There are 4 protein chains.
Amino acid sequence: MLDAEAALAAACASEGLIPWEAAEAIAAQCSADRFDRATIAQEGAPDASPVIPLVRALRDAVGAEHARYVHLGATSQDILDTAAMLVASRALGPILGDAGGAASAAAQLAGQYRDTPMCGRTLLQQALPITFGLRAAQWLVGLDEARLRLEEFGRRDLAVQMGGPVGSRSPAIARRVAERLGLSAPTLPWHTIRVRPAALAATLATLSGVLGKIARDVTLLSADEVGEVREGGEGGGSSAMAHKRNPVGAVSVLACTKRIPGLVATMYASMEQEHERAAGAWQAEWGTLSDLLALTGSATAWAREMLERLEVDPSRMRQNLERLAAAGAAEASDPEEHLGAAGELIDGTLERHRA
Amino acid sequence: MLDAEAALAAACASEGLIPWEAAEAIAAQCSADRFDRATIAQEGAPDASPVIPLVRALRDAVGAEHARYVHLGATSQDILDTAAMLVASRALGPILGDAGGAASAAAQLAGQYRDTPMCGRTLLQQALPITFGLRAAQWLVGLDEARLRLEEFGRRDLAVQMGGPVGSRSPAIARRVAERLGLSAPTLPWHTIRVRPAALAATLATLSGVLGKIARDVTLLSADEVGEVREGGEGGGSSAMAHKRNPVGAVSVLACTKRIPGLVATMYASMEQEHERAAGAWQAEWGTLSDLLALTGSATAWAREMLERLEVDPSRMRQNLERLAAAGAAEASDPEEHLGAAGELIDGTLERHRA
Amino acid sequence: MLDAEAALAAACASEGLIPWEAAEAIAAQCSADRFDRATIAQEGAPDASPVIPLVRALRDAVGAEHARYVHLGATSQDILDTAAMLVASRALGPILGDAGGAASAAAQLAGQYRDTPMCGRTLLQQALPITFGLRAAQWLVGLDEARLRLEEFGRRDLAVQMGGPVGSRSPAIARRVAERLGLSAPTLPWHTIRVRPAALAATLATLSGVLGKIARDVTLLSADEVGEVREGGEGGGSSAMAHKRNPVGAVSVLACTKRIPGLVATMYASMEQEHERAAGAWQAEWGTLSDLLALTGSATAWAREMLERLEVDPSRMRQNLERLAAAGAAEASDPEEHLGAAGELIDGTLERHRA
Amino acid sequence: MLDAEAALAAACASEGLIPWEAAEAIAAQCSADRFDRATIAQEGAPDASPVIPLVRALRDAVGAEHARYVHLGATSQDILDTAAMLVASRALGPILGDAGGAASAAAQLAGQYRDTPMCGRTLLQQALPITFGLRAAQWLVGLDEARLRLEEFGRRDLAVQMGGPVGSRSPAIARRVAERLGLSAPTLPWHTIRVRPAALAATLATLSGVLGKIARDVTLLSADEVGEVREGGEGGGSSAMAHKRNPVGAVSVLACTKRIPGLVATMYASMEQEHERAAGAWQAEWGTLSDLLALTGSATAWAREMLERLEVDPSRMRQNLERLAAAGAAEASDPEEHLGAAGELIDGTLERHRA
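A quick note: this is a predicted structure, and the numbers were derived from the prediction, not measured. (Residues numbered from 1 in each chain as written. Chains lettered and ligands numbered in written order. Predicted model: local features only at pLDDT ≥ 70, side-chain atom pairs only at ≥ 80, totals over all residues. Heavy atoms only, no water.)

Draft legend 1. View of the overall build of chain A. Helix and strand counts for chain A come out as 13 helices and 4 strands. Computed over the C-alpha atoms, the radius of gyration of chain A is 26 Å, more than 25% above the 20 Å expected from 2.2 N^0.38 for a compact globule of 355 residues. If one aligns the C-alpha atoms of chain A with their principal axes, the spans along those axes are about 85 × 45 × 35 Å. Considering chain A as a whole, with its 355 residues, one finds that 68% of them fall into the buried category. Summarising the internal contacts of chain A: among those between residues at least 6 apart in sequence, 76% fall at separations of at least 24. Of the roughly 11,300 Å² that chain A leaves accessible, carbon and sulfur atoms contribute 47%. Seen as two clouds, the 34 positive and the 44 negative side-chain charges of chain A have centres 1 Å apart. (Helix = DSSP H or I, 4+ residues; strand = E, 2+ residues; numbered from the N terminus. Rg over C-alpha atoms; globule rule 2.2 N^0.38 Å. Buried < 20%, exposed > 50% of the residue type's maximum accessible area, 1.4 Å probe, protein only. Contact = heavy atoms within 4.5 Å. Areas by Shrake-Rupley, 256 points an atom, 1.4 Å probe, with all protein chains shown as cover. Lys, Arg positive; Asp, Glu negative; His and termini not counted. Charge placed at Lys NZ, Arg CZ, Asp CG, Glu CD.)

The following block contains the structure:
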């Protein structure tokens with residue numbers, strides 16, 4: 001929020017609305033450690049907006065001379081929406097970093113186990129042979145598609161909000177603020193046209209959904225009776241059973257990803273916003289978007305670690321194929337002959353991943 | 001969690017499994033200020049359970065002599081689920097207190113404005129005369145139904161969890177713990193039969209849904225063009241427009257209630273739990289349930305204040321009826337003749353509220 | 001809807017508002033096969049209400065003499081809400097029937113396999129011995145709790161709606177209609193206080209959530225590598241793999257239950273209804289409630305069949321325990337010694353089920 | 001599904017796997033009117049797949065000579081997923097058509113009322129003057145953003161599925177099928193990587209969310225006390241109150257859009273799919289996706305009609321501004337002086353719309 005106020009002051013100075021000296025004085029105070037968050041949160045309650053006490057405190061801080069140049073022509077929602085986009089922008093960096101790390105780990109697995117036969121399973125039943133590389137390539141293609149969408153969102157949809165009280169402010173200010181903050185400038189203020197926050201939620205949920213699929217597979221493949229993979233690293237202990245090795249990474253991923261769909265529903269339901277500013281639906285976005293970023297971020301970090309440390313057991317894969325052969329699936333006796341185009345598919349996926 | 005551990009130790013002593021001296025030593029350490037939450041949270045990550053480091057720290061605290069009696073026969077989920085029910089139990093007190101306050105305020109409005117005519121409105125269009133008392137009685141009946149369900153839940157469904165690692169522990173321990181904590185004892189451990197948490201979510205959401213209806217009405221009735229009610233008290237200021245008086249209470253209620261349905265979906269989706277302990281679906285409940293309690297609690301406190309301070313404008317109600325009469329609704333010219341059984345309905349609602 | 005109109009006419013006659021002859025003439029026409037649903041649906045679109053063309057058609061059918069006695073004093077929502085509660089009431093019969101059948105099957109399994117050891121599994125890892133009877137008892141307790149809630153709902157919450165255009169109609173009419181239709185009479189009309197439909201959704205979702213847990217267990221236990229249960233009966237074929245035996249019942253249960261949480265969110269979000277009749281939120285309930293009834297009904301029927309036909313393989317359970325023993329869990333070598341209170345817990349559950 | 005089977009046969013012929021004569025014989029039978037849907041639906045239940053009886057019936061229809069060439073190398077999910085994408089592709093045409101019509105109507109309103117002052121409203125309170133053109137431009141920008149996303153999805157993400165039983169089939173077949181059906185070919189089969197269906201749901205929900213915002217505005221602006229717009233055309237009657245004119249289009253839009261967020265949650269929750277084919281999560285998508293397409297389509301058609309017929313009342317807008325002026329907002333006395341950059345913003349939006 002302080003970065004948004006500072007950028008606004010600079011934009012106003014660039015447009016000749018306030019003196020540069022004022023903009024600099026304001027910027028000098030816009031540092032989070034100068035303000036007490038708890039106080040501002042509490043003082044914001046009576047007006048349902050943390051911006052009101054923040055602006056008051058900022059005006060106090062810059063002193064009487066420049067106070068009237070703080071928050072010039074802006075409305076609370078300008079600051080909060082711009083701040084939300086800044087937060088999202090800053091969160092996307094580490095999320096994309098971890099998603100990229102997870103994709104690299106999946107690519108490594110796809111390459112290393114390109115020709116390692118395992119049971120393909122449908123409806124949780126053994127079906128026909130695949131390779132573990134093909135499964136890892138599936139994970140990879142999901143991660144790459146999700147990353148692509150997040151990157152596109154980051155480039156295109158993270159826009160400032162600077163519409164003023166009823167969305168009629170000159171777009172010149174928004175363009176200046178956008179340039180300064182590294183965000184884009186919207187055609188119109190989007191105070192009640194909530195395509196951006198909803199699309200951000202959906203894009204995070206797409207990544208989260210892919211991570212949930214991967215983690216679900218890891219829980220199933222690391223079940224004792226299957227035993228084809230195992231999470232490496234420390235951890236996974238049980239408070240009651242020493243022999244156990246829990247798939248802690250996968251569980252932690254799922255603990256996050258399972259909370260995402262309900263939050264996405266909240267974001268879409270919140271698109272129904274009244275007139276020039278909503279009474280409730282906008283405010284419901286705040287905590288929901290924070291949760292979406294935090295949960296997706298946690299899930300991605302856990303998934304990366306899980307994939308980077310994954311231990312694969314080709315001999316158990318072979319044993320499980322023998323059971324399948326015994327059950328009458330002739331293809332499983334000689335799996336290499338029945339892998340279809342698995343190798344070709346993996347190679348194509350890896351090639352596209354590298355591109 | 002510490003209360004659960006202390007109750008467990010006492011239960012074990014009662015059943016003769018550990019010395020009473022040990023139980024007392026454990027209880028003496030079970031105080032939240034003796035432990036550092038951040039450390040425990042962080043140390044719990046590698047095993048996806050905060051109970052493991054807590055038990056370790058508690059064992060350290062009680063010393064070598066009694067350490068082995070800490071957490072005896074229990075599993076992490078026993079402690080976390082019991083703690084969740086304790087948290088819920090403690091949160092229900094203030095929630096029911098505020099819901100009761102809101103209901104009293106609605107009852108007061110229903111009585112005071114029993115015979116005050118206003119426009120009934122359907123599909124946001126003026127329809128036929130009602131009284132403001134009837135509208136308040138609607139709010140009241142919703143609050144009373146929601147309170148009744150929460151009270152029932154509190155009496156019947158808040159149960160301890162003490163099943164041990166795979167849910168086969170003797171029910172005697174659970175009964176002792178339940179008695180000590182003022183919760184009920186379940187027929188069976190409910191590690192993966194999640195009727196209780198889901199039903200708690202639904203019961204909170206029922207109250208929240210009623211509050212959302214009331215708050216929506218207040219936003220609509222306090223719109224300048226309608227002007228029939230207005231939130232009293234301080235607050236409601238605008239950072240940009242001095243003439244405005246925002247319905248801050250109603251907005252704050254809706255900011256909470258709009259986040260509830262998605263969280264309820266998460267709780268129901270999480271009922272699909274595997275075997276004797278779930279890999280992800282249980283863990284997804286933790287933060288979701290906390291949010292449900294906090295958001296419902298906030299919404300209820302705001303709604304109570306909003307209703308207690310609500311200012312009603314009978315003359316604007318009369319003016320709006322005149323517009324309706326002018327539009328051709330003969331009933332609006334002489335509203336008192338067309339109020340149907342409004343008075344009787346209000347009286348019946350108030351009577352039932354008092355019972 | 002026709003049953004609601006007929007009951008309304010009879011109630012009006014009982015109250016002396018219309019002649020009994022008219023009520024009888026109306027009742028004689030209130031038969032679904034006399035009206036063309038497609039036409040009524042289509043003609044309802046311009047007014048967003050199927051009741052308007054239905055009343056028109058019913059008036060035509062009863063003839064000029066009695067036409068004015070049709071739908072007397074009622075509003076569209078009275079008829080639709082009462083009809084929804086009648087539909088729910090009629091659907092609860094078979095749902096409770098199948099849920100009872102599923103519970104009986106679970107009770108049968110709990111008794112028959114009371115002492116059959118199997119691996120208890122947590123986080124999908126082998127943990128410690130339980131019995132299959134204990135697992136079935138878990139299923140049973142979930143089914144019994146869900147059934148109890150549905151029965152309570154059926155007894156208490158299925159109420160008629162007869163409030164007239166703005167909810168101010170004398171409660172005497174509602175009481176008469178309720179008596180005639182076997183539903184209860186509400187304190188106040190509930191046109192915009194939607195506790196009932198939301199609570200119905202939650203109660204169906206509770207049953208559905210339990211069914212999803214059972215079905216998830218069946219998919220996991222019938223995985224080839226576990227092989228401890230198998231769905232009996234015909235079906236389960238694969239279009240491509242002759243050796244496969246798919247857990248079709250469990251998959252069909254899950255195909256339904258996974259759709260429920262999102263629908264429940266819609267019902268709770270729809271509680272925010274404006275004034276005396278909502279503009280959209282009420283109408284959004286119609287199809288959602290139908291889906292909830294149909295999906296829960298299907299899931300219950302599938303679950304009953306799945307449980308009634310479940311084939312259990314105690315020798316595979318024993319083999320899997322041997323693997324657990326080999327992994328270092330001493331308890332698994334002699335499981336009968338480590339079953340805790342499993343038998344006692346099963347007996348208590350069965351006793352309560354029979355009560 | 002029949003189109004998918006016909007395209008598969010042609011693809012197999014192109015690849016030299018089956019005779020062209022067989023492909024032609026199969027294509028000749030792939031016509032929906034040759035098969036009884038109810039029978040196929042019913043016969044699909046025991047195997048949880050309608051494809052199995054459809055393939056059986058299709059083999060019967062083509063006769064013994066070509067029967068073995070039907071469904072060659074495919075799995076049920078190949079046919080169902082390809083069919084789902086074809087259905088989506090065919091539904092996107094009319095949805096985009098109506099969304100384009102709605103956008104044109106919004107553009108027309110934005111241009112026509114470019115300089116017509118009205119109250120801007122925040123938190124449902126009168127705030128400062130805007131123009132009705134600016135409000136319509138907001139609607140327009142939302143519609144245009146949503147249309148752009150749907151068009152992108154249609155171009156890029158509608159892909160065939162032809163992976164065979166475990167996703168290892170040569171991509172050559174998928175490419176041939178894609179070319180024939182006008183869909184794209186995926187890098188890998190996406191049997192359990194569900195980015196596409198989830199993203200389709202999100203993209204539909206984005207349009208739906210914008211429509212919900214517009215419809216909410218129409219209900220508020222057409223409230224009698226505001227009276228600034230009114231839905232034109234027939235319809236909007238009340239079964240009980242002759243003077244009423246209900247905003248039927250807006251209500252019908254909201255009746256659809258309010259059901260979307262919960263369905264989106266189901267689609268994202270369903271991304272957690274096991275191994276090579278999911279046990280339940282995939283099947284849960286079927287009806288959900290149909291509902292999303294139907295509800296978004298209905299909402300869009302209603303919104304287009306509502307906007308095309310919207311009647312605007314500039315004199316009521318002026319009267320409401322006078323009330324605002326009386327309340328102390330000096331800007332409202334001379335609104336033209338305080339419209340900020342409204343005109344410039346509208347022009348920019350219209351220019352971008354035309355591009």
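Draft legend 2. Here's a closer look at the environment of Arg 149 of chain C. Locating Arg 149 of chain C in the fold gives a position in helix 6 (residues 132–156). By relative accessible area, which is 14% here, Arg 149 of chain C ends up buried. A sequence separation of 57 residues divides Arg 149 of chain C from Thr 206 of chain C, and the C-alpha atoms of the two residues are 8.5 Å apart. Apart from the residues within four sequence positions on either side, Arg 149 of chain C is in contact with Arg 156, Asp 157, Val 195 and Ala 199 of chain B together with Thr 203 and Thr 206 of chain C.

Draft legend 3. Focus on the relation of the copies chain D and chain A. Superposing chain D onto chain A takes a rotation of 180° combined with a translation of 0.0 Å along the rotation axis, leaving an RMSD of 0.0 Å. Taken together, these values place the two copies in the relation of a two-fold axis. In terms of C-alpha distance to the rotation axis, chain D has Ala 265 of chain D as its closest residue, with the C-alpha 2.7 Å off the axis. Same-surface contact between copies: 100% of interface residues of chain D are shared with the interface of chain A. (Least-squares fit on C-alpha atoms with pLDDT ≥ 70 in both.)

Draft legend 4. Region of interest: the interface of chain D and chain A. With 74 residues of chain D in contact, the opposing surface of chain A contributes 74 residues. For the chain D and chain A pair, buried surface summed over both sides reaches about 6,200 Å², with 63% attributable to carbon and sulfur atoms. On the chain D side of the interface with chain A, the three residues burying the most area are Leu 188, Glu 272 and His 275 of chain D, jointly 12% of the side's total. The interface formed by chain D and chain A holds 12 salt bridges in total. Arg 149 of chain D is paired through a salt bridge with Asp 157 of chain A; the nearest N and O atoms lie 2.8 Å apart. Remark: the boundary between chain D and chain A carries 36 residue pairs in polar contact (both at pLDDT 80 or more). Counting residues per element, the ones that place at least two in the side of chain D that touches chain A are strand 1 (117–122), strand 2 (125–131), helix 6 (132–156), helix 8 (195–221), helix 10 (260–269) and helix 13 (342–354) of chain D. Here the side of chain D that touches chain A gets 14 residues from one element, more than from any other, and that element is helix 8 of chain D. (Buried area = accessible area lost by both parts, 1.4 Å probe. Salt bridge = Lys/Arg side-chain N within 4 Å of Asp/Glu carboxyl O. Polar contact = N/O pair within 3.5 Å; in protein donor to acceptor, adjacent residues only side chain to side chain.)

Draft legend 5. Focus on the interface of chain D and chain B. Contacts between the two partners involve 30 residues from chain D, matched on the other side by 30 residues from chain B. With both chains or domains summed, chain D and chain B bury close to 2,500 Å², and 55% of this area falls on carbon and sulfur atoms. The largest per-residue losses of area from chain D upon contact with chain B belong to Gln 125, Glu 225 and His 243 of chain D, which jointly make up 28% of the total buried on that side. Inspection of the region where chain D meets chain B yields 2 salt bridges. One salt bridge connects Arg 121 of chain D with Glu 225 of chain B, and the closest N-O pair in it is separated by 2.8 Å. Scanning the region where chain D abuts chain B turns up 8 residue pairs in polar contact (both at pLDDT 80 or more). Put simply, the parts of the chain that give the side of chain D that touches chain B at least two residues each are strand 1, strand 2, helix 8 and helix 12 (314–326) of chain D. Residue composition of the side of chain D that touches chain B, by class: 13 nonpolar, 9 polar and 8 charged. (Nonpolar A, V, L, I, M, F, W, Y, C, P; charged D, E, K, R; others polar.)

Draft legend 6. Main features of the side chain of Thr 82 of chain C. Residues and elements named next belong to chain C. With respect to the element layout, Thr 82 can be found in helix 5 (residues 76–112). What makes Thr 82 buried here is its relative accessible area of 0%. With residues near it in sequence (within four places) discarded, Thr 82 still touches Ala 4, Gln 77, Val 160, Gln 161, Met 162, Leu 181 and Leu 183.

Draft legend 7. Structural context of the relation of the copies chain D and chain B. Between chain D and chain B, which share one sequence, the superposing operator has a rotation angle of 180° and an axial displacement of 0.0 Å; the RMSD is 0.0 Å. Here 100% of the contact residues of chain D are again contact residues in chain B; the copies associate through an equivalent surface.

Draft legend 8. Molecular detail of unusual backbone geometry. Residues and elements named next belong to chain B. You will see that His 71, though not glycine, has its phi angle at about 65°, which is positive. Along the chain, the position of His 71 falls in the loop between helix 5 (64–67) and helix 6 (76–112). For His 71, a relative accessible area of 5% translates into the label buried. A positive phi angle, close to 65°, is found at Leu 124, a residue other than glycine. Topologically, Leu 124 is positioned in the loop between strand 1 (117–122) and strand 2 (125–131). For Leu 124, a relative accessible area of 3% corresponds to the buried category.

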